[in-house]
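In case you want the letters, here they are:
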Amino acid sequence: MIHRLRFVLPWAFLVSGTTALFAVVDRGFPPWTALGFVLGTFLGQEPLSDLWLLLTHRLTGARHVIASYGHGRLLWHGTVAGVPVSVGMRPTTGLRLSWGLLPVRAARLRFWACSVGWLAVHAGLGVWLAASCTGLARGVGLGLLSTLALILLLQGPTPVNSAWAVLVMPFRPRALDPHLWSTRDLAAERLLCRGLIPEARAALDGPAPAWSGRTRLSAAGVALAEGRYDEADRIVALALEQGCDPGQAYGVAAMVIVCRGDSGELAPARAGALLGPALEVFGHNDHAKLRSVLAAADLARFNGDPEVAVRAARRHTVEAQLSPYWRAHAGCSLAAALIAAGKPEQARKALDRARRACPGLSRIADVERLLERPVEVA
């Protein structure tokens, strides 16, 4: 039930909070306290937790894979200490940090202790400001406490985060194991996100740790990028057997189906029939979440609705700025949709942008061949 509501609750929280704020101000609530409440809600969603993660990630064994700030058109991208970093035009409440946990000594205890520390700081700061201060500071405390409740409700069921570490992990002794990364896997994921496909494959040389399902998924991502779709499917199946995150596994599986459709291995109707069930794991019956997945644009194309596919793919080419690798995939999805819509010249420009972002992506050649043959839409 929480999974179905988790993408609705933040909006309900925002609407109800705004309504309540206007009501209490209208009835004499101090405006400065109301302003503080808004500020505390802003700080409690992401900025403070981002700061805590940056301060404690070495202690927990966490290493950043990719980082970004903002949405929309890309203003800047580069690499900091081997980590791809990008900045978008539209500001957000905090950083977007993707990270993995290395198998350090006492990994469960470290992660649990840092998670308890974060929640204690969040709650303690909120209670102290709300109870001991007045005006703006008191409002900040109330805002922090309100976001704490929302964080526990939304993040508790889903690994890997502080709420999950405190509420779920202690009662499941092996729950953290599938989410541990190897050092080589972390390096490969960073390289893949940067669009350096041969280097990512080289980083995966050597035997894979038996405990890490995520390592298998990194290898699946490289196989997908190089056009080895059968191998990518086999690796995803092994990763699921090892207990990896189903959402991540089905994400790779969905892109394998898309690439098979682009290469001609699957007819569009068959690709659409296979892709729909593979995407259901993301949405949990929530269509807004489903639309945020890149493969949803390809699903519309395979189902014979190229105009919807073009609109969805254009949105992703703007939003998929986290890495050159995903920018290239988004460009391929846009190009394929434009070909299906009968706009080959625009498709060529989209493919050129994809090639500049990640020249080694095999899907680019598959989509380019779509320009030379009729594309079935049913």
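Please read all numbers here as calculations on a predicted model, not as lab measurements.

Participant: Can you walk me through the overall build of the protein in this structure?
Facilitator: Across its full length, the protein holds 19 helices and two strands. Across the 378 residues of the protein, 46% fall into the buried class. Of all intrachain contacts in the protein linking residues separated by at least 6 positions in sequence, the fraction that spans at least 24 positions is 66%. Surface accessibility of the protein: about 18,100 Å² in total, with carbon and sulfur atoms responsible for 62%.

Participant: Can you walk me through the packing of aromatic side chains in this structure?
Facilitator: By convention here, two paired aromatic rings are described through the distance between centres and the angle between planes. Summed over all chains, the structure comprises three aromatic pairs. Consider the rings of Trp99 and Phe111, whose centres lie 6.2 Å apart with planes at 65°: the pair is edge-to-face. Highlighted residues: Trp99 in strand β2 (residues 83–101) and Phe111 in helix α5 (residues 107–132), separated in sequence by twelve residues. Judged by relative accessible area, Trp99 falls into the partly exposed class, the value being 23%. Since its relative accessible area comes to 5%, Phe111 is described here as buried. A centroid spacing of 5.2 Å and a plane angle of 75° characterise the contact between Tyr325 and Trp326, whose relative ring orientation is edge-to-face. The exposure class of Tyr325 is buried, given its relative accessible area of 3%.

Participant: Explanation requested: the nonpolar core in the structure shown.
Facilitator: Most often, soluble globular proteins have nonpolar side chains that are buried together. If you look at the biggest cluster of nonpolar residues, it comprises 63 residues, and the most contacted ones within it are Leu275, Ala295, Leu361 and Val367. Broken down by element, the residue count for this core peaks at ten residues, all from helix α17 (residues 324–340). If we skip the residues at most four places from it in the chain, Ala295 touches Ala254, Met255, Val258, Leu275 and Leu279. Counting residues in hydrophobic clusters, the runner-up holds eleven residues, among them Ala62, Leu101, Ala175 and Leu176.

Participant: Even after reading the chapter, I still don't get the environment of Gly251, so can you show me in this structure?
Facilitator: Assignment of secondary structure puts Gly251 in helix α12 (residues 246–263). You can call Gly251 buried: its relative accessible area is 18%. A sequence separation of 43 residues divides Gly251 from Leu294, and the C-alpha atoms of the two residues are 9.5 Å apart.

Participant: I would appreciate a short explanation of the environment of Val160 in the present structure.
Facilitator: On the secondary structure map, Val160 appears in the loop between α6 (135–155) and α7 (162–167). For Val160, a relative accessible area of 23% gives the class partly exposed. Taking the C-alpha atoms as reference points, Val160 and Gly100, 60 residues apart in sequence, are found 9.2 Å from one another. With near-sequence residues (within four places) excluded, Val160 lies in contact with Trp99, Leu101, Phe111, Leu176 and His179.

Participant: Any chance you could explain a positive patch on the surface here in plain terms?
Facilitator: A cluster of basic side chains, namely Arg314, Lys343, Lys349, Arg353 and Arg356, defines a positive patch on the protein surface. At three residues, the largest contribution of residues to the positive patch is made by helix α18 (residues 344–357). Examined against the element boundaries, Arg314 turns out to sit in helix α16 (residues 306–319).

Participant: Please clarify how the environment of Asp298 should be interpreted in this entry.
Facilitator: Within the fold, Asp298 resides in helix α15 (residues 295–302). Asp298 sits 38 residues away from Ala336 along the chain, and the two C-alpha atoms are 8.1 Å apart. Non-local contacts of Asp298, meaning those with residues more than four positions away in its chain, are made with Val258, Leu275, Ser333 and Arg363. In terms of polar contacts, Asp298 uses its side chain to reach the side chain of Ser333, at 2.9 Å.

Participant: How should the state of the cysteines be read in this particular structure?
Facilitator: Each disulfide is one covalent bond, formed between the sulfur atoms of two cysteines. Enumeration according to the criterion identifies zero disulfides in this entry. Left unpaired, Cys358 is separated from the closest cysteine sulfur, that of Cys332, by 8.8 Å.

Participant: Would you explain the packing of helix α3 (residues 31–45) against helix α4 (residues 47–60) in this entry?
Facilitator: Packed helices, taken two at a time, are described by their axes: the angle between them and the distance between them. In contact at an axis separation of 3 Å, α3 and α4 are set at 35° when each is read in the N-to-C sense. Note on element contacts: α4 touches α3 through Pro47, Leu48 and Ser49, opposite Phe42, Leu43 and Gln45. By residue class, the composition of the contact of α3 with α4 is four nonpolar, two polar and no charged.

Participant: How should the confidence of the model for the protein be read in this particular structure?
Facilitator: Detailed reading of the predicted model is not advised wherever pLDDT is low. Summarising the model, the protein shows a mean pLDDT of 82, and 83% of its residues fall at 70 or more. Ranking the helices and strands of the protein by mean pLDDT puts helix α19 (residues 363–370) first, with 94, and helix α1 (residues 2–5) last, with 47. Confidence drops under a pLDDT of 50 for residues 284–288, and excluding neighbours within four residues, the segment shows six contacts in the predicted structure.

Participant: How should I be thinking about the pattern of salt bridges in this particular structure?
Facilitator: Side-chain pairing between opposite charges can occur once the charged atoms of the two side chains come close. If you walk through the whole model with that rule in mind, you get 15 salt bridges. Asp230 is the partner of Arg260 in a salt bridge, and the nearest nitrogen-oxygen pair spans 2.7 Å. Here Arg260 is found in helix α12, whereas its partner Asp230 is found in helix α11 (residues 229–241), with 30 residues between them in sequence. The partly exposed category is assigned to Asp230, whose relative accessible area is 48%.

Participant: Looking at this structure, I do not really get a nonpolar patch on the surface. What am I missing?
Facilitator: Residues Trp32, Leu35, Leu39, Phe42 and Leu136 make up a contiguous nonpolar surface patch of roughly 480 Å² in combined accessible area. Sorting elements by how many residues they give to the nonpolar patch places α3 first, with four residues. In this fold, Leu136 is placed in helix α6. On the basis of relative accessibility, which here comes to 34%, the residue Leu136 falls in the partly exposed class.

Basis of the calculations
- Positions within a chain are numbered from 1, following the residues in the order the chain's sequence is written.
- Owing to the predicted nature of the model, reporting of local features is limited to residues with pLDDT of at least 70; listing and counting of side-chain atom pairs is limited to 80 or more, with chain, interface and lining totals taken over all residues.
- Excluded from the side-chain calculations are hydrogens and water; all other atoms, namely the structure's heavy atoms, are used.
- Secondary structure is summarised from DSSP: a helix means a run of H or I of at least four residues, a strand means a run of E of at least two, and numbering begins at the N terminus for each.
- Only protein chains enter the accessibility calculation, which uses a 1.4 Å probe; a residue whose area is less than 20% of its type maximum is buried, one above 50% is exposed, and one in between is partly exposed.
- Residue contacts are counted whenever heavy atoms from the two residues lie within 4.5 Å of one another.
- Per-residue accessibility takes into account occlusion by the displayed protein chains alone, with areas from the Shrake-Rupley method and a 1.4 Å probe.
- Stacked, tilted and edge-to-face pairs are distinguished by plane angle, under 30 degrees for stacked and over 60 for edge-to-face with tilted covering the rest, among Phe, Tyr and Trp rings (Trp via its six-membered ring) whose centres lie within 6.5 Å.
- To form a nonpolar core, buried Ala, Val, Leu, Ile, Met, Phe, Trp, Tyr and Cys residues must be joined to one another through side-chain atoms within 4.5 Å.
- In this scheme, patches are assembled from residues that exceed 30% relative accessible area and form no salt bridge. Like charges are connected within 9 Å, while nonpolar side chains (Val, Leu, Ile, Met, Phe, Trp, Tyr) are connected within 5 Å.
- Note on definitions: salt bridges are taken to be side-chain nitrogens of Lys or Arg within 4 Å of carboxyl oxygens of Asp or Glu.
- When charges are counted, Lys and Arg contribute as positive and Asp and Glu as negative, whereas His and the chain ends are disregarded.
- Note on charges: their place is set at NZ of Lys, CZ of Arg, CG of Asp or CD of Glu.
- Whenever a nitrogen or oxygen atom comes within 3.5 Å of another N or O atom, the pair is scored as a polar contact, on the condition that within protein one atom can donate a hydrogen and the other can accept it, and that pairs from neighbouring residues in sequence are kept only if both atoms are in side chains.
- Whenever a pair of cysteine sulfur atoms sits within 2.5 Å, that pair is classed as a disulfide.
- Interaxial angles span 0 to 180 degrees and are taken between N-to-C directions of axes, which are lines fitted to C-alpha atoms, for helices over the stretch in contact.
- We call Asp, Glu, Lys and Arg charged. Ala, Val, Leu, Ile, Met, Phe, Trp, Tyr, Cys and Pro are nonpolar, and the rest, Gly among them, are polar.
- The pLDDT value expresses, per residue, how confident the predictor is, ranging between 0 and 100.

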